[in-house]
There are 2 protein chains.
Amino acid sequence: MAEIPTAAISRLVTYLRILEQLELQDVSRTSSTDLAERAGVTAFQVRKDLAYFGRFGTRGMGYTVPILKRELVRVLGLNRTWNVVIVGVGRLGQAIANYPGASDYQFQYVGLFDVNPDLIGTQVRGLRVQHLDTLRDFTQTQTVDMGFLAVPPDRAQDAAQSLADASVKGILNFAPTVIQPRTIERPGHTDLSDEWRGVIVENVDFLAGMKRLAFYILNPHLKDAPTPEDPA
Amino acid sequence: MAEIPTAAISRLVTYLRILEQLELQDVSRTSSTDLAERAGVTAFQVRKDLAYFGRFGTRGMGYTVPILKRELVRVLGLNRTWNVVIVGVGRLGQAIANYPGASDYQFQYVGLFDVNPDLIGTQVRGLRVQHLDTLRDFTQTQTVDMGFLAVPPDRAQDAAQSLADASVKGILNFAPTVIQPRTIERPGHTDLSDEWRGVIVENVDFLAGMKRLAFYILNPHLKDAPTPEDPA
């Protein structure tokens, strides 16, 4: 599974989302052409992206929606439970905690952390907000796979470091700043060389959609056809 | 400006975000190599993406951060005011209304709409929440460029149609469902042919980051190097 572009993983997530919708609409079969149209890419791209992970369809017959969905769930690792803590429980953190759909894939919130004394001790979604200083102790007794960062931008780097210090494997950063994994010190390691295997960071740019939308409102003729070469 | 892939626009948004951070750090010069490393793509990709829109650097000299930033702001249409309404003012809609950074690019919230009687008449960010049924009247007197959808998934299609009926040009859909522009009827038009020029829709998948993160925690060796062919 070497050499799979990041964009292909993003597109798999899109295909999965489309398959979920088709299943809700009781559509049982689809094709690379149909998926491509719904995802805004070419059918060639769909087939290429899926081919990284195996053969899911029958030539000329397309795909069975529940089977392809199940396979993508497996490829993406969504068929297991992910224990998640949220760091930063202001409006954004609370919106994340309450967003519908996370529990569909067994993303399970096991802890909420903040540094604001007004929030600590309050209950959000049945969990008591704890001080960020206690995160490391918390992860001694509770498995935590991911941390969602929803802190102000100037606190994001320190909060990411707190998650790394607590041995959390992955960070989803919702703060309006880019965190690079290499800026996070790996506990017990000082080696930041090419051999570095540290925390995985994915940045969610809450404003990216607004900026793309602005561009396409001004340039609607560019919105239509994906090009064959680079259709993501 | 024909044939610009959607992925290139997404990458421009990423480059802009990196430039903003460099500017905050008082870094005045950058290069395609530096931008590429920070964005997780190749330097070739950076140069190709920027070349769609002109010549911004000097060969061998790299880019001046504030100049490249200003040019990307112009290309993306962020140097003007965008009047925005939010449809759906629950936790997610309120988080969007209060998210830091939107006002940096003159995204200006001019109206908030919902159908929940408990919310109508309440104040959020200095705006009174109004009933969605009044949106069309509202846009008779107030220019609205974009609508942000933050409604439950089963309400998203109807709410998108309400925005289209009110002649709003673009929709940013935060609901956990994919809205396709062609499923929205264009007011005063019945033509859904290839010539269709309707509402622009961008879907924001709040859960996409979680799914990518799950994949990369399971496959950390795939996270490192972007491939030359398809590095988004």
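Details of the structure are given in the entry above.
Residues numbered from 1 in each chain as written. Chains lettered and ligands numbered in written order. Predicted model: local features only at pLDDT ≥ 70, side-chain atom pairs only at ≥ 80, totals over all residues. Heavy atoms only, no water.

Caption draft 1: Geometry of the interface of chain A and chain B. At the junction of the two partners, chain A supplies 78 residues and chain B supplies 78 residues. Counting the surface lost from both chain A and chain B, the interface buries some 7,700 Å², and carbon and sulfur atoms represent 67% of this. There are four salt bridges connecting chain A and chain B. A salt bridge links R212(B) to E202(A), with the nearest nitrogen and oxygen atoms 2.6 Å apart. Where chain A meets chain B, there are six residue pairs in polar contact (both at pLDDT 80 or more). (Contact = heavy atoms within 4.5 Å. Buried area = accessible area lost by both parts, 1.4 Å probe. Salt bridge = Lys/Arg side-chain N within 4 Å of Asp/Glu carboxyl O. Polar contact = N/O pair within 3.5 Å; in protein donor to acceptor, adjacent residues only side chain to side chain.)

Caption draft 2: Examining the sheet that holds strand β7 (residues 146–149) of chain A more closely. All names here are of chain A. The seven strands are arranged β5-β6-β4-β3-β7-β8-β9 in an open sheet whose pairing can be described as mixed. Since the sheet does not close on itself, it has two edges, and those belong to β5 (123–124) and β9 (200–203), each with one partner. As defined by bridge partners, strand β3 (residues 82–87) adjoins β7 across four bridges and the pair is classed as parallel. The residue bridging V84 from the neighbouring strand is M146, located in β7. Packing against the sheet, helix α7 (residues 156–165) makes contact with β3, β7 and β8 (170–173), and its axis sits at approximately 165 degrees to β7. (Pairing = 2+ DSSP bridges. Helix = DSSP H or I, 4+ residues; strand = E, 2+ residues; numbered from the N terminus. Axes fitted to C-alpha atoms, helices over the stretch in contact; angles between N-to-C directions.)

Caption draft 3: Structural view of the relation of the copies chain A and chain B. After a rotation of 180 degrees and a shift along the axis of 0.0 Å, chain A superposes on chain B with an RMSD of 0.0 Å. Taken together, the turn and the small shift mark the pair as related by a two-fold rotation axis. Using C-alpha coordinates, one finds that chain A approaches the rotation axis most closely at A95(A), a distance of 3.1 Å. Most of the interface of chain A is mirrored in chain B: 100% of its interface residues are interface residues there too. (Least-squares fit on C-alpha atoms with pLDDT ≥ 70 in both.)

Caption draft 4: Layout of the packing of aromatic side chains. The full count for this structure, using the stated rule, is 12 aromatic pairs over all chains. Consider the rings of F113(A) and F138(A), whose centres lie 5.2 Å apart with planes at 75 degrees: the pair is edge-to-face. Placement of the pair is F113(A) in strand β4 (residues 107–114) and F138(A) in helix α6 (residues 135–141), with a sequence separation of 25 residues. There is no split in this pair, since F113(A) and F138(A) are both buried. Arranged with centres 6.0 Å apart and planes meeting at 80 degrees, the rings of Y109(B) and F148(B) form a pair that is edge-to-face. With Y109(B) in strand β4 (residues 107–114) and F148(B) in strand β7 (residues 146–149), this pair connects stretches of sequence that are 39 residues apart. A single burial state applies to Y109(B) and to F148(B), both of which are buried. In this structure an aromatic cluster arises from ring pairing among Y52(A), F53(A), F215(B) and Y216(B). It is R80(B) that lies over the ring of W82(B); its NZ or CZ is 3.8 Å from the centre. (Phe/Tyr/Trp six-rings, centres within 6.5 Å; stacked < 30°, edge-to-face > 60°. Buried < 20%, exposed > 50% of the residue type's maximum accessible area, 1.4 Å probe, protein only. Lys NZ or Arg CZ within 6 Å of the ring centre and 35° of its normal.)

Caption draft 5: Region of the structure containing the pattern of salt bridges. Residue and element names in this part refer to chain A. For the coordinates displayed, the defined rule picks out 16 salt bridges over all chains. Salt-bridge contacts for K169 lead to D145; the nearest nitrogen and oxygen are separated by 3.3 Å. With K169 in the loop between α7 and β8 and D145 in the loop between α6 and β7, this pair connects stretches of sequence that are 24 residues apart. Using a relative accessible area of 42% as the deciding quantity, one classes K169 as partly exposed.

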